[in-house]
Amino acid sequence: MITQVLGLTLAVSLLPATPSAPPTGLHECATATTRCDGSIVVPLDWDDPSSERIMVAFAFVPAKDADGTVVANLGGPGPSVPMLPHAQQTLGPVLERKNLLMMDPRGLGKSSPLQCPGASLLTPEKIAACAERVGPRGAYFTADHASHDLDAVRKALGLGRMSFYGNSYGSLYAQAYAARYPGSLDAIFLDSSMLIGRDGYTSWKNYFPSLIRNLGIPCERSKACAALPGRPSTIWTRLVERLRERPDPDATMFQSFALMNRNNPVLGRESVAAADAYLRGDKAPLHRLARLLPKTLPPMEDPSFAGYLAFRCGDGTFPFDRDASSAERRAQAERYYERERPLGAYRITDVFPAIGSLEPCIDWPTPRHSPPRPPGQALPSVPVLMMAGELDIETPTDVADTIKAFPNATVVAVPFGWHNLAGTPGPMGDCVRNILRTFLTTKQVATQGCTAENYRALGRFPQRLADIAPHPAAKLTTTQRRIIAAAFATAADATARRNPNAGLPTGPSEPPNPANQPGLRGGQIAFGTDITLDNVRYVEDLPVTGPITLTPEGRATATLHAETSGRTHRVTLTWKAFSLDTKVSGTFDGIPFG
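All values reported here derive from a predicted model rather than from experimental measurement.

Draft legend 1. Here's a closer look at the overall build of the chain. A count of helical and extended segments in the chain gives 16 helices and 20 strands. In summary, the chain has a C-alpha radius of gyration of 27 Å against a globular reference of 25 Å for 594 residues, a match within 12%. Its C-alpha atoms give the chain principal-axis dimensions of roughly 85 × 55 × 45 Å. For the chain, the residues scored as buried account for 56% of the 594 residues in total. Within the chain, counting contacts between residues at least 6 apart in sequence, those at least 24 apart form 65% of the total. As displayed, the chain has an accessible area near 24,100 Å², and 53% of this comes from carbon and sulfur atoms.

Now the structure itself:
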């Protein structure tokens, strides 16, 4: 059905019910009782009423007896509407009394998408060709105009003030909308917020330096890791130099770079120790971690990257002038890379062998001044809550500094937290989701001590039983206490791969068999209802076999057989997994210890 609303042409497709006739001048989705997918037509250039018209698509999920609306954008820049089920899951009971609105930003998804067949983020020639194909109209696919689109949708649905839930790039949309329509918001929840500088643009400079910075944080909290020779950044620099001198097909330069990502507790727990082991000639720990990751940067080609580039380049600031030519930008960026060395010990070609640059926007023109948050713009004094992960790209301190522009803002830091906190499974994500739901329902900040700090980084990897410090059990010999400590290290190593905050697959490949993986130095670990060890060797001379049971609360119980010197010992262990308390008790050949 086509109608005219506020001078704009409206189109709608309804899922699954047809609403009753809307009040005059409103979109048909305004009276829907179930999810309604619709679209409106808006100016390409909101400053020029006679400009080309484009379509903006949205999804609206009404709540019975709604007392408000949540508009959500979960990041990107990318299509938003396909993420609606994820938003519903995250918001949960909030949507019992609040409508949910999600809009595909212009140029993305079903909102007049920008398309370039063969578009790639890694090939300058293809980026330049895509920019030429899109032409001057690409300058209008930015957050400032997307905010006008959103308010047009709000008006077309007859909605009052809304709460904005923005994650990652969605936080940029939220800030752009708040700057232009402060009276249309009653609360703002930002997760993993992007920073906006004094010039009104968001900066992309911190991503690579943050990887190097975050190497050290878990290590600094661990006595064992902190005792390794050299700072974590120094250890990693030596690793990079070693891999450059002697390339290793089982631990490629790209894999080593990807291992700096702290977004997984297995990597946070082991990567620095694995690098130290590799430098000492023990390659097994690093090879095991590398199996979790691709050997080279995967292809990054998709026609929809045209829309992504329009937003990223139009909304951002980079180490080059926005109005410079591509050649001038490249020269400016190269000078910056040489001076600042944002990749640390890595060269650009180590990570991006084809592109020769860290920034695809070098070849995407940005002729229009389009700051997402205009400098000096007054922002609404509504409640604003930002959740910031300690291991995210932007530190909680940086987030707190940029959010000062909001008069009534609170920043909550999450130790060891990373990106997309509310969207992460596990107890840390549950905690953040509870804060989100309370805030959007009551506009109150209910700090609950959310944390992902449920592990300590490892120190030196042992290779043989003699390398392990004995467990402090009484009434047992030193050898017996070493066997206990080694059996526990074997069980704890396997259990760590089921950390509830993990985001990477725990198997060597996915598919074919993510439920199984080799032990560090031999044997097999099977992940099912229980974790089952089959002759697993955490140290070379102690194969361990048996089941480990994990309760939902993280209580671990293992019944193991450990073989050494021709004898098999029965070791039972009980401990609290995923905890900073590593106290373990049990029995050794029937003798209790604690």
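Right, picking up where we left off after that structure.
Draft legend 2. Examining the pairing of strand 19 (residues 584-588) more closely. Of the two faces of strand 19, only the one carrying Val 584, Gly 586 and Phe 588 is buried; Ser 585 and Thr 587 on the other face are not. Pairing analysis gives five bridges linking strand 18 (residues 567-576) to strand 19, with the strands arranged antiparallel. Residue pairing in the sheet places Thr 574 in a bridge with Ser 585 of strand 19. Note that strand 19 and strand 20 (residues 591-593) share three bridges and pair antiparallel. If you follow Phe 588 over to strand 20, its bridge partner there is Ile 591.

Draft legend 3. Structural view of helix 9 (residues 265-279). With 15 residues, helix 9 extends 22 Å between its outermost C-alpha atoms, agreeing within 8% with the 21 Å of an ideal straight helix rising 1.5 Å per residue. Where helix 9 terminates, the next one or two residues include Gly 281, which has phi positive at roughly 100 degrees.

Draft legend 4. Quick look at the side chain of Ser 256. If you trace the backbone, Ser 256 turns up in helix 8 (residues 253-258). Given the relative accessible area of 2%, Ser 256 is considered buried. A distance of 2.7 Å separates the side chain of Ser 256 from the backbone oxygen of Met 253, its partner in a polar contact. Among residues more than four places away in sequence, those in contact with Ser 256 are Trp 236, Leu 239, Leu 243 and Tyr 346.

Draft legend 5. Looking closely at the side chain of Glu 453. Here Glu 453 lies in the loop between helix 15 (427-442) and helix 16 (478-496). The buried category is assigned to Glu 453, whose relative accessible area is 17%. A distance of 3.3 Å separates polar atoms of two side chains, one belonging to Glu 453 and the other to Arg 221. Polar contacts involving the side chain of Glu 453 include one to the side chain of Arg 456, which spans 2.8 Å.

Draft legend 6. The arrangement of the nonpolar core in detail. If you look at the biggest cluster of nonpolar residues, it comprises 149 residues, and the most contacted ones within it are Leu 101, Leu 573 and Trp 575. At 10 residues, helix 16 tops the list of elements feeding residues into this core. The contacts of Trp 575, once residues within four sequence positions are left out, are Phe 488, Ala 491, Ala 492, Thr 495, Ile 548, Gly 554, Arg 555, Ala 556, Ala 558, Lys 583 and Val 584. Judged by nonpolar contacts, the second largest core, of 36 residues, contains Val 61, Leu 74, Leu 100 and Phe 439.

Draft legend 7. Structural view of the environment of Val 272. Structurally, the position occupied by Val 272 is in helix 9. In the structure, Val 272 is positioned 39 residues away from Ser 233 in sequence and 8.9 Å away in space, judged by C-alpha atoms. When neighbours within four sequence positions are excluded, Val 272 is seen to be in contact with Leu 215, Cys 219, Cys 225, Leu 228, Pro 232, Ile 235 and Trp 236.

Draft legend 8. Molecular detail of the packing of aromatic side chains. Per the counting criterion, the structure on display carries 14 aromatic pairs. Taken together, a centroid distance of 5.2 Å and an interplanar angle of 85 degrees make the contact between Phe 257 and Tyr 346 edge-to-face. With Phe 257 in helix 8 and Tyr 346 in the loop between helix 12 (326-340) and helix 13 (348-351), this pair connects stretches of sequence that are 89 residues apart. Here Tyr 346 falls in the buried class, since its relative accessible area comes to 5%. Cluster of aromatic residues (ring-pair linked, three or more members): Tyr 169, Tyr 173, Trp 204 and Phe 311.

Draft legend 9. Main features of the sheet that holds strand 17 (residues 555-564). Across the sheet, eight strands lie side by side as 13-14-15-16-17-18-19-20; this open sheet has antiparallel pairing. Of all the strands in the sheet, the pair left with one neighbour each is strand 13 (516-518) and strand 20. Recorded for the sheet is a direction-independent mean angle of 15 degrees between the axes of neighbouring strands. Pairing analysis gives five bridges linking strand 16 (residues 543-550) to strand 17, with the strands arranged antiparallel. Following the sheet pairing, Thr 549 is matched in strand 17 by Thr 557.

Draft legend 10. Structural detail: the confidence of the model for the chain. Predicted confidence across the chain gives a mean pLDDT of 90, with 93% of residues reaching 70 or more. Within the model, the stretch residues 1-21 combines pLDDT values under 50 with 55 contacts to residues more than four positions away or in other chains. Low pLDDT (under 50) marks residues 504-513, which in the prediction has 20 contacts with non-local residues, meaning those over four places away or in another chain.

Draft legend 11. Fine view of unusual backbone geometry. Residue Pro 77 is reached from Gly 76 by a cis peptide bond, and omega for that bond is 5 degrees. Residue position: Pro 77 is located in the loop between strand 5 (69-73) and helix 1 (84-91). Positive phi, close to 65 degrees, is recorded for Lys 475, a residue that is not glycine. Counting through the fold element by element, Lys 475 comes out in the loop between helix 15 and helix 16.

Draft legend 12. How the structure looks around the state of the cysteines. Evaluation of the coordinates by the stated rule reveals five disulfides. A disulfide bridge connects Cys 431 with Cys 450, and the sulfur atoms are separated by 2.0 Å. Taking the sign of the S-S torsion, about -85 degrees here, the bridge from Cys 431 to Cys 450 comes out left-handed. With a gap of 19 residues between them, Cys 431 in helix 15 and Cys 450 in the loop between helix 15 and helix 16 connect regions that are remote in the sequence. For the pair Cys 431 and Cys 450, a shared accessibility class is recorded, and that class is buried. Shown here for the chain is a disulfide pattern of 1-2, 3-4, 5-6, 7-8, 9-10, where each number marks a bonded cysteine counted in sequence order.

Draft legend 13. Fine view of the pairing of strand 4 (residues 53-61). Buried residues dominate strand 4, accounting for seven of its nine residues. Here strand 4 runs beside strand 6 (residues 99-103); their pairing, made up of four bridges, is antiparallel. By the bridge assignment, Phe 58 is partnered in strand 6 with Met 103.

Draft legend 14. Inspection of the pattern of salt bridges at higher detail. Within this structure, the stated rule accounts for 28 salt bridges. Here Asp 282 ties to Arg 521 by a salt bridge, and the two come within 2.8 Å at their closest N and O atoms. Taken together, the positions of Asp 282 in the loop between helix 9 and helix 10 (284-290) and Arg 521 in the loop between strand 13 and strand 14 (524-527) put the pair 239 residues apart, joining distant regions of the chain. Across the pair, exposure class does not vary: Asp 282 and Arg 521 are buried alike. Note that Arg 456 is salt-bridged to Glu 453, the shortest N-O span being 2.8 Å. Owing to a relative accessible area of 30%, Arg 456 belongs among the partly exposed residues under this scheme. Salt bridges sharing partners connect three or more residues here, namely Arg 269, Glu 270, Arg 288, Asp 493 and Arg 497.

Criteria and cut-off values
- Throughout, a residue's number is its position along its own chain's written sequence, starting from 1.
- Only residues with pLDDT of at least 70 are given local features in this predicted model, and only at 80 or more are side-chain atom pairs given and counted; all residues enter the totals for whole chains, interfaces and linings.
- With hydrogens and water stripped out, all remaining heavy atoms of the structure feed into the side-chain values.
- Secondary structure elements are defined from DSSP: runs of H or I of at least 4 residues count as helices, runs of E of at least 2 residues count as strands, and each element is numbered from the N terminus.
- The globule rule used here is 2.2 Å times the number of residues to the 0.38 power, and the radius of gyration it is set against is calculated over C-alpha atoms.
- Under the scheme applied here, a residue whose accessible area is under 20% of the maximum for its type counts as buried, over 50% as exposed, and between as partly exposed, the area being computed with a 1.4 Å probe on protein chains only.
- Throughout, a contact is declared for two residues whenever any of their heavy atoms are within 4.5 Å.
- Using the Shrake-Rupley algorithm and a 1.4 Å probe, accessible areas are obtained, with residue cover drawn only from the displayed protein chains.
- Two strands are said to pair when DSSP picks up at least two bridges between them.
- Multiply 1.5 Å by the residue count of a helix minus one, and that product is the helix's expected span.
- Side-chain atoms alone can form a polar contact between residues adjacent in sequence; in general such a contact is a pair of N or O atoms within 3.5 Å, and within protein one must be able to donate a hydrogen while the other accepts it.
- In this text, buried Ala, Val, Leu, Ile, Met, Phe, Trp, Tyr and Cys residues form a nonpolar core when linked through side-chain atoms within 4.5 Å.
- Stacked, edge-to-face and tilted are the three classes for Phe, Tyr and Trp ring pairs, Trp counted by its six-membered ring, which pair at centre distances within 6.5 Å; planes under 30 degrees apart are stacked, over 60 edge-to-face, the rest tilted.
- Lines fitted to the C-alpha atoms define the axes, with helices restricted to the stretch that makes contact. Angles between their N-to-C directions range from 0 to 180 degrees.
- A residue's pLDDT is the confidence the predictor assigns to it, expressed on a 0 to 100 scale.
- Any two cysteine sulfur atoms lying within 2.5 Å of each other are counted as a disulfide.
- Any carboxyl oxygen of Asp or Glu within 4 Å of a side-chain nitrogen of Lys or Arg constitutes a salt bridge here.

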